Amino acid sequence: MVGTGIAGLVAALEASRIHDVTLVTKSELAESNTKYAQGGIAAALFDDDSVESHIEDTLRVGAGLNSRRAVEVLCSEGPDRVRDLIRLGVAFDREHGELARGREAAHSRSRILHAGGDATGAAIEAALVLAVRESAARVIEYAFVKDLVVTGGRVVGVDVIAPAVGARRLEADSVILASGGAGQLYRHTTNPIVTTGDGAAAALRAGAVLSDVEFYQFHPTSLAVPGNFLISEAVRGEGAVLLDADGRRFMTGWHPDGELAPRDVVARGIARQMAEQGGTPVLLDATALGGTFLRERFPGITRVCRDHGLDWANEPIPVTPAAHYWMGGVRTDEWGRTSIPGLFAVGEVACTGVHGANRLASNSLLESLVFAWRSVGVLNAPWPLDDHAPIEPADAIADSGVPFTRGDLQELMWNEAGLFRSGEHLGHAEEQLGRWSPDDSGSVTAQENANLLDLSRVIVRAALAREESRGAHYRSDFPASRPQFARHLEWTQSQPARKVAV
Ligand code: SIN
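Reference entry: report on the structure contained in this document.

**Considerations on the sheet that holds strand 9 (residues 166–171)**
Strand pairing within a sheet occurs via backbone hydrogen bonds; the two strands may be parallel or antiparallel. Taken in spatial order, the 3 strands make up an open sheet running 7-8-9, and their pairing is antiparallel. Only two strands of the sheet have a single partner each, and these edge strands are strand 7 (144–151) and strand 9. Pairs of neighbouring strands in the sheet enclose a mean axial angle of 25°, with direction left out of account.

In structure tokens:
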């Protein structure tokens with residue numbers, strides 16, 4: 001088991017009931033993207049809601065690229081898995097004894113559970129860490145997974161570097177990758193420093209198929225300070241509004257749902273507004289919600305604002321979009337099985353097809369929970385035949401030996417492969433990425449940078465190949481969706497490409 005966000009912890013906990021489990025993580029057990037999730041977890045748990053409505057909302061936002069079957073699994077099994085979390089001790093917030101629920105963009109109902117106000121991920125992570133510590137799973141912290149070990153076409157283990165044990169091979173009958181996303185690809189991200197896409201890059205090198213990698217979601221509102229602390233969409237769900245430098249609301253001009261339009265629309269609306277006002281951040285005005293409400297409902301955001309000298313109960317705060325969630329990843333079936341026997345992927349590293357071209361807010365913790373749980377159910381099952389069309393090989397990018405820093409790469413990706421893309425800018429990014437070479441010092445940082453480089457190259461290629469705009473992928477030279485692109489683009493090592501409908 002690789003990774004200790006919600007997906008890795010759930011998989012480890014479930015599997016350790018009957019399997020011999022080793023859980024490795026490159027930081028401490030409790031560190032992951034999950035810990036920073038604020039808004040919550042979406043599930044159709046209330047009488048005025050339905051699984052069908054959750055399915056519809058998820059499909060609408062996914063812009064025609066979701067796997068309907070995966071979405072049905074997510075929305076129908078989600079409520080039971082959330083009840084599992086409650087049984088495990090996750091104390092979701094309540095009002096008058098009933099589960100409290102928030103609203104986020106593009107949900108037709110209020111169905112988002114939260115805990116500790118805006119500390120949902122931290123509450124889930126804490127309960128799962130406790131349970132895993134008490135389980136039979138063996139935990140190795142600060143172990144960096146360098147590569148997957150493939151023998152005879154099957155994954156049989158991982159090579160790790162861990163200060164405590166040095167370089168070491170861990171053998172396994174199966175490997176469940178739950179290593180999270182790759183927010184560190186971009187200059188601005190809400191993700192923690194550990195999100196360098198290590199699992200996806202290792203899977204790519206091992207020959208696994210990656211899918212939908214061009215779809216990266218940018219959260220509209222991160223605090224415009226170093227570190228880009230997330231300002232949950234739930235704040236807008238409660239009624240906060242976005243203002244330009246002159247104090248005027250501008251999102252209502254872009255979409256009838258204004259501040260609660262789909263995330264990509266709001267993020268691009270903010271970026272356009274920022275460009276118009278010379279690059280300065282826009283403002284999020286939550287003052288109408290009142291100091292007491294803000295303190296109680298969003299204690300974490302209140303604290304971070306205060307740490308930066310901002311009093312959001314009395315003044316609007318500066319916000320900017322930031323890379324938040326990668327819809328693409330290692331392609332899996334509805335049980336987390338990848339294209340390589342023995343290798344599972346769950347959580348953000350996976351592309352189950354649930355999110356399509358854009359993720360509905362608060363569906364990612366749910367996806368991790370549901371598919372991690374399912375993957376354990378088929379650990380001993382025969383591996384299904386891959387019935388996808390064969391992959392066409394393409395030329396690999398030859399490194400030209402030019403060194404780069406992580407900052408160089410993040411800047412390039414932000415400017416050329418971020419919220420607004422075009423053939424010209426992506427072409428420039430592709431050339432630049434082709435010139436850079438990873439440093440071969442063997443350090444963990446160098447390996448992370450190599451992983452980011454590998455993923456940048458495949459993301460840029462995919463973004464170039466997708467000559468249309470769809471969901472989170474916006475091409476200013478192809479601003480509309482095109483029917484011939486209503487399909488997935490899939491990629492394998494050295495590099496890429498298969499551009500066939502699947
Ligand atoms: C948020 O709280 O705005 C983030 C929720 C999510 O990304 O699903």
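**Looking at the packing of aromatic side chains**
In this structure the tally under the stated criterion is 11 aromatic pairs. Aromatic pair Tyr 186 and Tyr 216: ring centres 5.2 Å apart, planes at 65°, arrangement edge-to-face. In this pair, Tyr 186 is assigned in the loop between strand 10 (175–177) and helix 5 (198–205) and Tyr 216 in strand 12 (residues 216–223), connecting sequence segments 30 residues apart. The burial state of Tyr 186 is the same as that of Tyr 216; both residues are buried. Judged by centre distance (5.8 Å) and plane angle (70°), the ring pair of Phe 218 and Trp 414 falls under edge-to-face. Placement of Phe 218 in strand 12 and of Trp 414 in helix 11 (residues 406–416) is noted, with a sequence separation of 196 residues between them. Of the aromatic side chains, those joined through ring pairs into one cluster are Tyr 186, Tyr 216, Phe 218, Trp 326 and Trp 414.

**Thoughts on the pairing of strand 15 (residues 317–326)**
Buried residues dominate strand 15, accounting for 9 of its 10 residues. Bridge analysis of strand 14 (residues 282–285) against strand 15 gives 3 bridges, and the strand direction is antiparallel. Along strand 15, the bridge assignment pairs Val 282 with Val 319.

**Brief notes about the pattern of salt bridges**
Overall, the coordinates contain 38 salt bridges when judged by the stated rule. Residue Asp 49 pairs with Arg 111 through a salt bridge whose shortest N-O separation is 2.8 Å. With Asp 49 in the loop between strand 2 (41–42) and helix 2 (51–61) and Arg 111 in the loop between strand 4 (98–99) and strand 5 (112–113), this residue pair connects regions lying 62 residues apart in the sequence. Pair check on accessibility: Asp 49 and Arg 111 agree, each one buried.

**Notes on the site of the ligand**
Around the ligand, the neighbouring residues are Gln 38, Gly 39, Glu 104, His 219, Leu 230, Ser 232, Glu 233, Arg 263, His 324, Arg 359, Ala 361 and Ser 362. A distance of 2.7 Å separates an oxygen atom of the ligand from a polar atom in the side chain of His 219. Glu 233 places a polar main-chain atom, nitrogen or oxygen, 2.6 Å from an oxygen atom of the ligand. Contact with the protein chains hides 95% of the accessible area of the ligand, taken as 260 Å² for the molecule alone. Its residues placed into classes, the shell around the ligand shows 2 nonpolar, 6 polar and 4 charged.

Conventions we followed
- Counting starts from 1 at the beginning of each chain's written sequence and moves along it residue by residue.
- This being a predicted model, a pLDDT of at least 70 is required before a residue's local features are given, and a value of 80 or more before pairs of side-chain atoms are given or counted; all residues contribute to the totals for chains, interfaces and linings.
- Only hydrogens and water are removed before side-chain values are computed, so all heavy atoms of the structure are retained for them.
- Strand pairing is defined by DSSP finding a minimum of two bridges between the two strands.
- Note on conventions: DSSP H or I runs of at least 4 residues are helices, E runs of at least 2 residues are strands, and numbering of each starts at the N terminus.
- Helix axes are fitted to C-alpha atoms over the stretch in contact, other axes to C-alpha atoms as well, and angles between N-to-C directions run from 0 to 180 degrees.
- Two rings from Phe, Tyr or Trp (for Trp, the six-membered ring) form a pair when their centres are within 6.5 Å of each other. A pair whose planes differ by under 30 degrees is stacked, one over 60 is edge-to-face, and the rest are tilted.
- Any residue under 20% of the maximum accessible area for its type is buried, any over 50% is exposed, and the rest in between are partly exposed; the area is computed with a 1.4 Å probe on protein chains only.
- By definition here, a salt bridge exists when the distance from a side-chain nitrogen of Lys or Arg to a carboxyl oxygen of Asp or Glu is within 4 Å.
- Definition of nearness: a residue and a molecule or strand are near each other if at least one heavy atom of the residue lies within 4 Å of the molecule or strand.
- The term polar contact refers here to a pair of N or O atoms within 3.5 Å; inside protein, the definition further demands a hydrogen-donor-capable atom paired with an acceptor-capable atom, and it admits residues adjacent in sequence only when both atoms are side-chain atoms.
- Every accessible area reported is derived by Shrake-Rupley at a probe size of 1.4 Å, with residue values counting cover from the shown protein chains alone.
- Gly falls in the polar group here, along with every residue not listed as nonpolar (Ala, Val, Leu, Ile, Met, Phe, Trp, Tyr, Cys, Pro) or charged (Asp, Glu, Lys, Arg).

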